[in-house]
Amino acid sequence: MKSYDIATIEGDGIGPEVCQSAVAVLKEACGSELLRFEAFDGGAAHYARTGAVLPEDTFAACKSMHAMLHGAAGLPGVTYADGTEVGNDLHLQLRFRLDLFANVRPIRLYAGAESPLKGWQPGQIDYVIVRENTEGLYASRGGGINLRGEVSTDTLVMTRKGVERVARFSFDLARRRKGAPRDGKRRVTVCDKANILRSYAFFRAICDEVAAGYDDVEIDYAYADAITVHMLKKPDFYDVIVAENMFGDIISDLGAGTVGGLGIAASAELGERHGLFQGAHGSAPDIAGRNLASPIATILSGALMLRWLGEQHADPALLAAADRVEQAVEAVLAEGATVPRDLGGSASCTDMTEAICRRLR
Ligand code: ATP
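Residues numbered from 1 in each chain as written. Predicted model: local features only at pLDDT ≥ 70, side-chain atom pairs only at ≥ 80, totals over all residues. Heavy atoms only, no water.

Draft legend 1. Seen up close, the sheet that holds strand β5 (residues 126–132). The strand order across the open sheet formed by 10 strands is β2-β1-β3-β12-β11-β4-β5-β10-β8-β9, and the pairing between neighbours is mixed. Only two strands of the sheet have a single neighbouring strand rather than two, namely β2 (35–40) and β9 (218–223). In this sheet, adjacent strand axes meet at a mean angle of 25° when their direction is disregarded. Relative to strand β10 (residues 240–243), strand β8 (residues 187–192) runs parallel, the two sharing 4 bridges. Directly across from Val190, in β10, lies its bridge partner Val242. Lying on the sheet, helix α5 (residues 160–176) is in contact with β4 (102–108), β5, β8, β9, β10 and β11 (268–270); it crosses β5 at an angle near 165°. Against the sheet, helix α8 (residues 245–258) makes contact with β4, β5, β8 and β10, and its axis sits at roughly 155° relative to β5, the strand it touches most. (Pairing = 2+ DSSP bridges. Helix = DSSP H or I, 4+ residues; strand = E, 2+ residues; numbered from the N terminus. Axes fitted to C-alpha atoms, helices over the stretch in contact; angles between N-to-C directions. Contact = heavy atoms within 4.5 Å.)

Draft legend 2. Looking closely at unusual backbone geometry. For Asp99, which is not glycine, the phi torsion reads 55° and is therefore positive. Tracing the chain through its elements places Asp99 in the loop between α4 (86–97) and β4. In this structure, Ala284 takes a positive phi of about 40° despite not being glycine. Among the structural elements, Ala284 can be located in the loop between β12 (275–277) and α9 (296–312).

Draft legend 3. Summary view of the site of the ligand. Among the 13 residues in the neighbourhood of the ligand, the closest are listed as Gly282, Ser283, Ala284, Asp286 and Ser294. At 2.5 Å, a backbone N or O of Gly282 approaches an oxygen atom of the ligand. Interatomic distance of 2.7 Å between a side-chain N/O atom of Asp286 and an oxygen atom of the ligand. For the ligand, the protein covers 64% of the area, taking 620 Å² as the surface of the free molecule. Residues of the shell around the ligand, tallied by class, amount to 5 nonpolar, 6 polar and 2 charged. (Near = heavy atom within 4 Å. Polar contact = N/O pair within 3.5 Å; in protein donor to acceptor, adjacent residues only side chain to side chain. Areas by Shrake-Rupley, 256 points an atom, 1.4 Å probe, with all protein chains shown as cover. Nonpolar A, V, L, I, M, F, W, Y, C, P; charged D, E, K, R; others polar.)

Draft legend 4. Fine view of the domain arrangement of the protein. The domain architecture assigned to the protein consists of domain 1 (1–100 + 266–361) and domain 2 (115–259). If you average the C-alpha positions of domain 1 and of domain 2, the two centres end up 24 Å apart. Taken over both partners, the interface formed by domain 1 and domain 2 buries close to 960 Å², and the fraction arising from carbon and sulfur atoms is 44%. Taken as a group, Arg95, Phe96 and Asp99 account for 44% of the area that domain 1 buries against domain 2, more than any other trio of residues on that side. For the pair domain 1 and domain 2, the interface holds 2 salt bridges. One salt bridge in this structure joins Arg141 and Asp89, with 4.0 Å as the shortest N-O distance. For the pair domain 1 and domain 2, the number of links is 4 residue pairs in polar contact (both at pLDDT 80 or more). (Domains from an automatic or database assignment. Buried area = accessible area lost by both parts, 1.4 Å probe. Salt bridge = Lys/Arg side-chain N within 4 Å of Asp/Glu carboxyl O.)

Draft legend 5. View of α8. Given a rise of 1.5 Å per residue, 14 residues ought to cover 20 Å, and the 20 Å separating the end C-alpha atoms of α8 matches this to within 8%. Considered for burial, the residues of α8 that qualify are Asn245, Phe247, Gly248, Ile251, Ser252, Gly255, Ala256 and Thr258. Viewed end-on, α8 has its buried residues packed into an arc of 160°, placing them on one side of the element. At the N-terminal boundary of α8, the capping side chain belongs to Glu244, with an oxygen 3.1 Å from the backbone nitrogen of Met246. Remark: Gly260 follows α8 within two positions and exhibits a positive phi of approximately 130°. (Expected span 1.5 Å × (residues − 1). Buried < 20%, exposed > 50% of the residue type's maximum accessible area, 1.4 Å probe, protein only. Arc of directions from axis to C-beta.)

Draft legend 6. Highlighting the layout of surface pockets. The space that makes up the largest pocket amounts to roughly 1100 Å³. Around the largest pocket sit 35 residues that line it, and Val128, Leu173, Arg177, Leu304 and Arg307 are the ones nearest its centre. Only β4, β5, α5, β11 and α9 provide two or more residues apiece to the lining of the largest pocket. Residues lining the lining of the largest pocket come from more than one domain, with at least three contributed by each of domain 1 (1–100 + 266–361) and domain 2 (115–259). Volume-wise, the second largest pocket comes out at about 790 Å³. (1 Å grid on protein atoms, 1.4 Å probe; cavity = no way out; pocket = protein on both sides within 12 Å on 5 of 7 lines; lining within 4 Å. Points joined across faces, edges and corners; volume = space filled by probe spheres on them.)

Set out below in structure tokens:
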């Protein structure tokens, strides 16, 4: 049997507890042979001790192993001299150095997870935000100017290659999905501010060019401000949304809010050869180390990892395990006896882990 090497970086705050939970669930779903996990250092606390947020041996392992599973990184007060947070630099470095250009964030309403939006049933909210992950406004990180403490700039960067590949990724993804819950139409919504800035008009024009090669997928447009209303009022209209880096960052937290919050929001950051998987939330220092965090976002990110690995290596065992993990999470939530605090229940991180593992058994 082929086996896969997974580099784990537990990180800071709730990172270790949610990462350990996901590893336990993935082991339960895959047996002891299929996945081999190895833990590596990294994060804000590691930086405070050693001066490295992403040590070179961790980076080398991430580069050589089949996939990366990350808890979360960041601690209040651990910042660089320019005021930016050290913790974020861990995944930003991995994104940029491993060219993880597509950040995939599924927004799906699970049975048992109540939406703050009135009247939506499980299955009626089911779309994916694809956030461009290596350019846009965040490409300027570390490169902006602060002039004499009086003027500061950051530049938004768009390249033809960068937009084309994330657009193609989004259309290909729409092809593999069943369409929007509202009408079953395969649809890619381009989220931008093409009405205001040239860079976004460029983004939209390139998405149009790519769309011409996909007769079976509808192209749709929404300005970044307007989509925040649409995502609340007609979430069933969406299938795949593609957005520039910062817009994608913002609207994916909003999307997560509509299906129960950050504790249930999974994320996969994918390039041609590498994949980084972590919950869409940060290190939540306010609840860290108290067994209060929900591990669901990291567990569902683990399921995304199994599916991505399964597709990359044409391995049906991994694809089947991905389905099992998602079904186990859904079944546990739907049952209603073991529900995390952020979804209105009282289950601890370890209660959730045990319930999901039990279900898998
Ligand atoms: P970042 O900037 O790294 O995205 P953040 O400071 O915006 O992080 P998070 O760390 O994501 O914020 O957390 C925001 C709040 O959401 C936390 O204070 C916490 O209360 C809640 N939260 C986040 N993740 C979880 C989780 N897995 N389980 C329960 N609550 C969570």
